[in-house]
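Observations on chain architecture
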Amino acid sequence: MDYESLGAQALDSIAKAQDLDALEALRVAFLGKQGSISGLLKTLGAMSPEERQTTGPKIHALREGVTNALAEKKAALEGAALEAKLAAETVDLTLPAPESARGSVHPVSQVMDELAEIFADLGFAVATGPEIEDDWHNFTALNMPESHPARAMHDTFYIDKDASGYETEQDMVLRTHTSPVQIRAMLAAGGDKPLRIIAPGRVYRSDSDATHTPMFHQVEGLVIGKDITLAHLKWTLETMLKAFFERDDIVLRLRPSYFPFTEPSVEVDTGYSYVDGRRVVGGSGDAPGHSWMELLGSGMVNRHVLTAGGYDPDQWQGFAFGVGVDRLAMLKYGMNDLRAFFDGDARWLGHYGFSGLDVPTLSGGVGVQA
Ligand code: DAH
C-alpha cells in the first residue's frame with residue numbers, strides 16, 4: 001500500500017474516534033513502540049541512500065500528518081466532553097449556601113461596650129493608657145510612693161528598666177490597675193477643666209485561681225469638677241448598675257475602706273440573692289434571703305493624686321471608682337469560672353459569645369441575653 005492511502009486511512013480512523021480512549025488506542029497503534037508508523041520509520045535504516053531519499057520524506061510526512069490529526073481530534077473531544085459536562089450539571093441557585101464559621105464577640109468586650117454606652121449617655125468619654133506602664137503613673141502618682149505598704153496588695157510583673165528596651169529612667173510594670181489612666185487623663189486635660197472619663201482595659205497581677213487570673217479587666221471612672229461630692233458618686237454608680245443589670249431595684253451599700261488614691265474611700269456593695277442556684281443582683285442585702293456582695297472600690301480623689309494630675313486640690317475635687325469587668329460579666333451572664341474566659345475554647349465562646357450585630361445601645365437595650 002502506498003503511503004498516501006495509508007495516511008488517508010489513518011486520518012479517517014482518527015476522525016471517526018468516538019472518545020478519548022479510542023483516540024489513545026489509535027495513537028498507540030500508529031505511533032506507539034510497536035505502532036505501524038513507528039515500524040515504517042525503522043525500515044529506513046535498511047534502505048539504500050537513494051531509496052531513503054525518496055521514501056524518507058514520505059514516511060516523515062505521514063508521521064507528522066497523523067500526529068497533528070491526533071492532537072486536533074484530542075482537543076475537539078476534550079472540548080466536547082466539557083460541553084457535555086456543563087450541559088448535564090445545572091447549578092441550583094435556590095439551594096442554601098453552606099454555613100461559614102462565624103466568630104463571636106467575647107463577653108468581656110461586650111460588657112465593656114455596654115459600659116461605654118451607658119457612661120456615654122452620662123457624658124463620660126473613654127480614655128486609654130498603656131498596659132506597660134511606668135512606676136510613677138502606676139504607683140507614685142497615685143499616692144503609693146516607693147516602699148508604700150499598699151504596693152504589696154498589687155504584687156505584679158515588673159520589667160527591669162535596663163532589660164525592657166524602653167528608653168526610661170524608671171522601672172516599668174504591667175499595670176496593676178486602670179487607675180494610672182486617671183493621671184494621664186488629668187495631665188492631658190491641663191488641670192483647668194472639669195473631667196468625666198471611663199478607662200476600660202487589661203490589667204495584670206501575679207494571681208491565679210478560679211476567681212483570679214494573672215490578666216483581667218477593669219473599668220476606671222473619674223469625675224473632676226469644682227463641686228463634685230460623694231453623692232454624685234453614689235448616684236452615678238446606682239444609675240450605671242441599674243442600666244447595666246436592667247433592674248430598678250439595685251440597692252447599694254457604701255462601706256468605709258482604704259485606697260491610697262482616694263480619701264475618703266468607700267467600698268461599694270450591692271444586694272443580691274440566689275435564684276435557681278445563680279447569684280442575681282437586686283434588692284437590699286438586708287432583705288430576707290439576700291446578702292451583700294462587694295462590687296467595686298471608689299472614693300473621693302486624694303489631694304495628692306489631684307496634684308500629681310496637675311489639678312489644684314484647693315479648687316478641684318472629684319470621685320473615682322474601679323470595677324472588675326470580668327466579674328460584672330460573670331454576674332450578668334452567669335459564668336462561674338473566670339479561667340474559662342481566657343482559655344480560647346471555641347465551644348465556650350460559641351455559647352457565651354455575642355453576635356457582632358448585638359451592638360449594645362441604650363435604646364435597643366444593653367442587656368442582650370447570651
Ligand atoms: N485601683 C483599684 C484596684 O485595682 C480599684 C479602685 C479603687 C479604683 C478605688 C479607684 C478607686 O479609682 O477610687 O484595686
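Cut-offs used in this document
Residues numbered from 1 in each chain as written. Predicted model: local features only at pLDDT ≥ 70, side-chain atom pairs only at ≥ 80, totals over all residues. Heavy atoms only, no water. Phe/Tyr/Trp six-rings, centres within 6.5 Å; stacked < 30°, edge-to-face > 60°. Helix = DSSP H or I, 4+ residues; strand = E, 2+ residues; numbered from the N terminus. Buried < 20%, exposed > 50% of the residue type's maximum accessible area, 1.4 Å probe, protein only. Lys NZ or Arg CZ within 6 Å of the ring centre and 35° of its normal. Contact = heavy atoms within 4.5 Å. Axes fitted to C-alpha atoms, helices over the stretch in contact; angles between N-to-C directions. Parallel < 35°, antiparallel > 145°, perpendicular 65-115°, else oblique. Left-handed = near helix turned anticlockwise from the far one by under 90°. Nonpolar A, V, L, I, M, F, W, Y, C, P; charged D, E, K, R; others polar. Near = heavy atom within 4 Å. Polar contact = N/O pair within 3.5 Å; in protein donor to acceptor, adjacent residues only side chain to side chain. Areas by Shrake-Rupley, 256 points an atom, 1.4 Å probe, with all protein chains shown as cover. Expected span 1.5 Å × (residues − 1). Arc of directions from axis to C-beta. Pairing = 2+ DSSP bridges. Patch = residues over 30% accessible without salt bridge, like charges linked within 9 Å, V, L, I, M, F, W, Y side chains within 5 Å. Salt bridge = Lys/Arg side-chain N within 4 Å of Asp/Glu carboxyl O. Lys, Arg positive; Asp, Glu negative; His and termini not counted. Charge placed at Lys NZ, Arg CZ, Asp CG, Glu CD. UniProt positions renumbered as here; feature names shortened; annotations may be inferred.

Next up on the list: the packing of aromatic side chains. Inspection of the entire model under this criterion finds 10 aromatic pairs. For the ring pair Tyr 333 and Phe 354, a centre distance of 5.0 Å and an interplane angle of 65° mean the geometry is edge-to-face. With Tyr 333 in helix H10 (residues 325–333) and Phe 354 in the segment after helix H11 (346–352), the pair connects residues that are 21 residues apart, well separated along the chain. Judged by its relative accessible area of 6%, Tyr 333 is buried. Its relative accessible area of 2% is what places Phe 354 among the buried residues. Linked through ring pairs, Phe 341, Phe 342, Trp 348 and Tyr 352 together constitute an aromatic cluster. The aromatic ring of Tyr 272 is capped on one face by Arg 279, whose charged end is 4.8 Å from the ring centroid.

This part is about the environment of His 148. Along the chain, His 148 turns up in the loop between helix H6 (135–138) and strand S3 (158–159). Sequence separation of His 148 and Met 335 is 187 residues, and the distance between their C-alpha atoms is 36 Å. With near-sequence residues (within four places) excluded, His 148 lies in contact with Asn 143, Tyr 258 and Pro 260.

Below, the discussion takes up the packing of helix H5 (residues 107–121) against helix H8 (residues 230–245). Taken N-terminus to C-terminus, the directions of H5 and H8 make an angle of 130°; their axes are 10 Å apart at the nearest point. Here H5 is positioned oblique relative to H8, judged by the angle of their axes. Viewed along their axes, H5 and H8 form a crossing whose handedness is right-handed. For the pair H5 and H8, the contacting residues are Val 111, Glu 114, Leu 115, Ile 118 and Phe 119 in the first and Thr 236, Met 240, Ala 243 and Phe 244 in the second. Class assignment of the residues belonging to the contact of H5 with H8 gives a composition of 7 nonpolar, 1 polar and 1 charged.

Let us look at the site of the ligand. The local shell around the ligand holds 15 residues, among which His 177, Ser 179, Arg 205, Gln 218 and Glu 220 are the closest. In this structure, Arg 205 approaches the ligand through a side-chain N or O atom, which is 2.7 Å from an oxygen atom. Compared with its free state, where it exposes 350 Å², the ligand has 92% of that area covered by protein. When contributions to the shell around the ligand are tallied by element, the ones reaching two or more residues are strand S6 (215–225), strand S10 (290–301) and strand S11 (317–324).

Our next topic: H8. For H8, built from 16 residues, the straight-helix expectation of 22 Å at 1.5 Å per residue is met to within 8% by its first-to-last C-alpha distance of 22 Å. Every buried residue of H8 is listed here: Leu 233, Thr 236, Leu 237, Met 240, Leu 241, Phe 244 and Phe 245. Each buried residue of H8 sits inside an arc of 135° when the element is viewed along its axis, so together they form one side. Those residues of H8 that are exposed and aimed more than 90 degrees away from the buried face are Ala 231 and Trp 235. The residue sitting at the N-terminus of H8 and contributing the capping side-chain oxygen is Thr 229; that oxygen lies 3.1 Å from the backbone nitrogen of Ala 231. Immediately beyond the C-terminal end of H8, within one or two residues, lies Glu 246, with a positive phi of roughly 55°.

What the 3 strands build is an open sheet, ordered S2-S4-S3; its pairing is antiparallel. Looking along the sheet, the strands with just one partner apiece sit at the ends: strand S2 (132–134) and S3. As judged from the 2 bridges shared by S3 and strand S4 (residues 172–174), these two strands associate in the antiparallel manner. Each bridged residue has a counterpart across the sheet, and for Tyr 158 the counterpart in S4 is Val 173.

Below, the discussion takes up a negative patch on the surface. Residues Glu 146, Asp 160, Asp 162 and Asp 171 make up a contiguous surface patch of negative charge. Inspection of the secondary structure assignment puts Glu 146 in the loop between H6 and S3.

What follows deals with the UniProt feature "binding site: Mg(2+)" (unreviewed entry) in the protein chain. When the UniProt feature table is mapped to this numbering, "binding site: Mg(2+)" (unreviewed entry) covers Glu 263. Those residues within four positions of Glu 263 in sequence are excluded, and the remaining contacts are Met 300 and Asn 302.

What follows concerns the pattern of salt bridges. Enumeration over the complete set of coordinates arrives at 14 salt bridges. Notably, a salt bridge pairs Lys 16 with Asp 12, separated by 2.9 Å at the nearest N-O pair. A residue pair is termed a helical-turn pair when its members lie 3 or 4 positions apart in one helix, as Lys 16 and Asp 12 do in helix H1 (residues 3–16) at 4 residues. Among the residues examined, Lys 16 registers a relative accessible area of 57% and is labelled exposed. Its relative accessible area of 39% is what places Asp 12 among the partly exposed residues. Where Asp 269 meets Arg 255, a salt bridge forms, and the shortest distance between an N and an O atom there is 2.7 Å. Note that Asp 269 is positioned in strand S8 (residues 262–275) and Arg 255 in strand S7 (residues 252–259), a separation of 14 residues in sequence. Looking at Arg 255, the relative accessible area reads 27%, which means it is partly exposed.

Inspection of the secondary structure puts Thr 236 in helix H8. From its side chain, Thr 236 meets the backbone oxygen of His 232 in a polar contact 2.6 Å long. Sequence-distant contacts of Thr 236, that is, excluding residues within four places in its chain, are made with Phe 119, Leu 122, Phe 124 and Phe 319.

Now for unusual backbone geometry. With an omega dihedral of 0°, the bond running from Glu 263 to Pro 264 counts as a cis peptide bond. Along the chain, the position of Pro 264 falls in strand S8. Residues other than glycine seldom take positive phi values, yet Glu 246 does so here, at roughly 55°. Mapped onto the elements, Glu 246 comes out in the loop between H8 and S7. Here the phi dihedral of Asp 276 falls at roughly 50°; this positive angle occurs in a residue that is not glycine. Here Asp 276 shows up in the loop between S8 and strand S9 (278–281).

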